[in-house]
Amino acid sequence: MNNFKNTVASDLLSCISELSADISLTKEDILDMFEYPPDSSLGDIAFPCFKLSRILRKAPPIIAKEISESLKSDVISKAEAVNGYLNIFVSNEYLLSNVLFKIEEEKEHYGSDDSGKGKVAVFDYSSPNVAKPFHIGHLGTTIIGHSLKMLHQFQGYDCVGINYLGDWGTQFGKLIVAYNLWGNKEMVEKGGVDELVALYVKFHEEAEKDETLNQRAREEFTKLEHHDETNIALWKWFVEISLTEYKKTYKQLGIEFDSYKGESFYTDKMPAQIEILREKNLLKIDGGASIVDLSEYNMPPCLILKRDGSTLYPTRDIAAAVYRKQAYKFDKCIYVTSAGQSLHFAQWFKVVELMGYDWHDQLVHVPYGTVSINNEKLATRTGNVILLKDLFATAIEKVNEIMDEKNPNLPNKEEVAEAVGVGSVIFYYLYNNRIKDINFVMKDALSFDGNTGPYAQYTYARTSGILDKAKDLNYGSTAPQITTSEEADLLKVLSKFNEAVRGAIRDYEPSIITRYIIDVCSAFNKFYHNCQIVSAEDETVRNTRIRLTSATKTVLGSAFELICLKKTEKI
Ligand code: ARG
């Protein structure tokens, strides 16, 4: 719709200037004034004439009528004056040449305007804490983060995806103590990350009864910090085991990271930043700890060094940001975490600004709400959590059951069940505004009729099936023609893809794409139910409809990729 609006805005501008020389409107003003009518039967876009009324000293309905009579534009089929609005209808020729032909020409690139060309965007996302569970609280950062990366990539940005692993900190002291007391090699090799988490949980249980364990954990961590060989070897091993496991989940989601530089990577990069903080007189001693006072900005102080001189979460984030700016020369660096960390990010972003780094405003925090399952909130400390891999496994199992019933002979059933199972979780999660708290209800996520992943993937498979049937027909041989409102409506929805992409990037909001996918699916299914496609008698009609199906498949496919949804050729 972007091009359409642009062209109409130019045509309107010339028309209005002819009506009166006193008007100093710009094309941008007109673009801002456009509205979408509540119902497409009223027009594709509407131009309200109320603002013009004072300058022209005429009633809005009269202005609308005058414009409707003199407006000339190649891209509209008609313009009607209704109650002070000019209701504008896009022409079929426009829909064919600017939407259908464009999709056919640009294919997977359709919808992108390359507005990110030449710019670099860094994404810090997923970033689980080693030895702590990779639980459904990480679902948001993982898939919102990846979607934002895909969206930027689609717009031509050079993207760097970083998994800032929580691979450093006192939890390793605890884990080392627990391992030495209750663990052994075979057990961890067999149980993997679950065993590490179990050891970690046991540590907390035992430490409740025996205070000295905490002291021992601190000692082991100090040894690790001083490069004690045994502890370093254990630490490396723990990280490796965890990573192997995380990568299985990433593979299910189709996610690959460009870098796994976690917190440990920055241990030797903090002193230089602490020095700058000191030089700039930003550090204050408060009860022995070093802080940056942020009271002037209505925030609690940002903690830089603990009393014992050890560094903290914000200290590492500052060092990491400086490193990334140097390494990647980013135009933006985007951090996706739960809203619970918003203050942390606001604080250290401020500190980076006070340190004089002029790129501080290129740092973006993208927060999201909490997830509960069947209305139960999750506790991380106790190990009473739902692991991400278990959530996916349950969904896949359920899809398998449905498929055994509905389509037991489907080739590569396992693969499809995984795509649909994982997809259902992603889709359900990304359907709402990210900041909203969501309650996950598996039954709803898996429903084939509703605004769900399975429904979207099923629609995609439907386009595939139709094209398969049409593969021997020479459907490019006739000039296409639009003969029904369903066809026109479908093309109108397809024309809005770029707008959805831009909106999703502007608001850091993948749900705009998820909802857009539903719009495409409903327009396509309406078309499918009301129009014969391969079986249409008239050859021109048949060919047009096959091409519309193919265009829908292209756009849906691109949109799926933007939200980590797998393309299912058959379900
Ligand atoms: N590891 C952290 C956690 O699980 C998230 C890290 C987010 N990124 C960052 N640069 N602080 O809570």
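Residues numbered from 1 in each chain as written. Predicted model: local features only at pLDDT ≥ 70, side-chain atom pairs only at ≥ 80, totals over all residues. Heavy atoms only, no water.

A. Up close: the pairing of strand 1 (residues 45-48). Alternating positions in strand 1 separate into two faces, Ile45 and Phe47 on one and Ala46 and Pro48 on the other, with burial throughout. Summarising the sheet, strand 1 and strand 3 (residues 85-90) pair through 4 bridges and their orientation is antiparallel. In the sheet register, Pro48 faces strand 3, and the bridge partner there is Tyr85. (Buried < 20%, exposed > 50% of the residue type's maximum accessible area, 1.4 Å probe, protein only. Helix = DSSP H or I, 4+ residues; strand = E, 2+ residues; numbered from the N terminus. Pairing = 2+ DSSP bridges.)

B. Broad picture of the packing of aromatic side chains. Considering all chains together, one arrives at 33 aromatic pairs under this definition. Centroid distance Phe345 to Phe349: 5.8 Å. Interplanar angle 70 degrees. Geometry classified as edge-to-face. Here Phe345 and its partner Phe349 are both found in helix 13 (residues 342-354), 4 residues apart, which amounts to about one turn of the helix. With relative accessibility at 14%, the residue Phe349 sits in the buried group. Through a chain of ring-to-ring contacts, three or more aromatic side chains come together here, namely Tyr125, Phe134, Tyr246, Tyr250, Phe257 and Tyr260. (Phe/Tyr/Trp six-rings, centres within 6.5 Å; stacked < 30°, edge-to-face > 60°.)

C. Seen up close, the packing of helix 17 (residues 453-469) against helix 20 (residues 511-530). Their axes nearest at 10 Å, the elements helix 17 and helix 20 cross at an angle of 45 degrees. With respect to each other, helix 17 and helix 20 are oriented oblique. The two elements helix 17 and helix 20 meet at a crossing, and its hand is left-handed. For the pair formed by helix 17 and helix 20, the contact residues are Tyr455, Ala456, Thr459, Arg462, Thr463 and Ile466 on the first element and Ile517, Ile518, Cys521, Ser522, Phe524, Asn525, Tyr528 and His529 on the second. Of the residues assigned to the contact of helix 17 with helix 20, the class counts are 8 nonpolar, 5 polar and 1 charged. (Axes fitted to C-alpha atoms, helices over the stretch in contact; angles between N-to-C directions. Parallel < 35°, antiparallel > 145°, perpendicular 65-115°, else oblique. Left-handed = near helix turned anticlockwise from the far one by under 90°. Contact = heavy atoms within 4.5 Å. Nonpolar A, V, L, I, M, F, W, Y, C, P; charged D, E, K, R; others polar.)

D. Region of interest: the nonpolar core. If you look at the biggest cluster of nonpolar residues, it comprises 151 residues, and the most contacted ones within it are Leu12, Phe47, Ile67, Ile88, Leu494, Ile513 and Ile517. Those residues in contact with Ile517 that sit more than four places away from it in its chain are Phe427, Ala456, Leu556, Ala559, Phe560 and Ile563. Judged by nonpolar contacts, the second largest core, of 31 residues, contains Met270, Leu282, Ile318 and Phe345. (Core = buried A, V, L, I, M, F, W, Y, C linked by side-chain atoms within 4.5 Å.)

E. Spatial organisation of the sheet that holds strand 2 (residues 76-82). In space, the 3 strands of this open sheet follow the order 1-3-2, with antiparallel pairing throughout. A single partner strand is all that each edge strand has here, and the edge strands are strand 1 and strand 2. Sheet twist, expressed as the mean angle between neighbouring strand axes with direction ignored, is 20 degrees. Judged from the 6 bridges that link them, strand 2 and strand 3 form a sheet pairing that is antiparallel. Residue pairing across strands places Ala81 opposite Leu86, the latter belonging to strand 3.

F. Fine view of the side chain of Arg324. Along the chain, Arg324 turns up in helix 12 (residues 313-328). For Arg324, the residues in contact, after removing those within four places along its chain, are Val122, Asp124, Ile162, Tyr164, Tyr266, Lys329, Phe330, Cys333 and Tyr335.

G. Representation of the packing of helix 6 (residues 137-154) against helix 15 (residues 413-430). Following both chains from N to C, one finds helix 6 and helix 15 inclined at 85 degrees, their axes separated by 11 Å at the closest point. One finds that helix 6 runs roughly perpendicular with respect to helix 15. Along the contact surface, helix 6 presents Leu139, Gly140, Ile143, Ile144 and Ser147, while helix 15 presents Val425, Ile426, Tyr429 and Leu430. Of the residues in the contact of helix 6 with helix 15, the class split is 7 nonpolar, 2 polar and no charged.

H. Quick peek at the site of the ligand. Close to the ligand lie Asp124, Ser127, Asn129, His138, Tyr164, Tyr313, Asp317, Tyr335, Thr337, Gln341 and Phe345. In this structure, a nitrogen atom belonging to the ligand sits 2.9 Å away from a side-chain N or O atom of Asp124. Ser127 is positioned such that a nitrogen or oxygen atom in its backbone is 2.9 Å from a nitrogen atom of the ligand. Bound to the protein, the ligand loses 89% of the 350 Å² it would expose on its own. Where the shell around the ligand is concerned, the elements lending two or more residues are helix 12 and strand 9 (332-338). Grouping the constituent residues of the shell around the ligand by class yields 4 nonpolar, 5 polar and 2 charged. (Near = heavy atom within 4 Å. Polar contact = N/O pair within 3.5 Å; in protein donor to acceptor, adjacent residues only side chain to side chain. Areas by Shrake-Rupley, 256 points an atom, 1.4 Å probe, with all protein chains shown as cover.)

I. Here's a closer look at the side chain of Gln155. By secondary structure assignment, the location of Gln155 is in the loop between helix 6 and strand 5 (158-162). Engagement of the side chain of Gln155 in a polar contact is seen with the side chain of Ser112, the distance being 3.3 Å. Among residues more than four places away in sequence, those in contact with Gln155 are Gly111, Ser112, Asp113, Asp114, Ser115, Gly116, Lys117, Asn498, Val501, Arg502 and Ile505.

J. Seen up close, helix 20. Over its 20 residues, helix 20 runs 29 Å from end to end, which matches the ideal 28 Å to within 8%, given 1.5 Å per residue. Looking at the buried side of helix 20, the elements it contacts are helix 6, helix 15, helix 17, helix 18 (485-495), helix 19 (497-506) and helix 21 (539-562). (Expected span 1.5 Å × (residues − 1).)

K. Inspection of helix 14 (residues 388-406) at higher detail. Compared with the 27 Å implied by 1.5 Å per residue over 19 residues, the 27 Å span of helix 14 between its first and last C-alpha is a close match. Three or more residues of helix 14 are buried, namely Leu388, Leu391, Phe392, Ala395, Ile396, Val399, Asn400 and Met403. Those residues of helix 14 that are buried are in contact with helix 6, helix 10 (229-253), strand 11 (371-373), helix 15, strand 12 (438-440) and helix 16 (442-446).

L. Representation of the environment of Leu165 in the model. Within the fold, Leu165 resides in the loop between strand 5 and helix 7 (171-182). Taking the C-alpha atoms as reference points, Leu165 and Ser264, separated by 99 residues in sequence, lie 8.4 Å from one another. When near neighbours in sequence (up to four residues on either side) are disregarded, Leu165 contacts Ser127, Pro128, Val239, Leu243, Tyr246, Tyr260, Lys261, Gly262 and Glu263.

M. Molecular detail of the sheet that holds strand 5. Taken together, 4 strands build an open sheet; the order of strands is 5-4-9-10 and the sheet is parallel. Unpaired on one side and paired on the other, strand 5 and strand 10 (363-368) mark the two borders of the sheet. The mean inter-strand angle of the sheet, taken between neighbouring strand axes irrespective of direction, is 20 degrees. Judged from the 4 bridges that link them, strand 4 (residues 120-124) and strand 9 form a sheet pairing that is parallel.

Interpretation in functional terms is not warranted from these geometric data alone.
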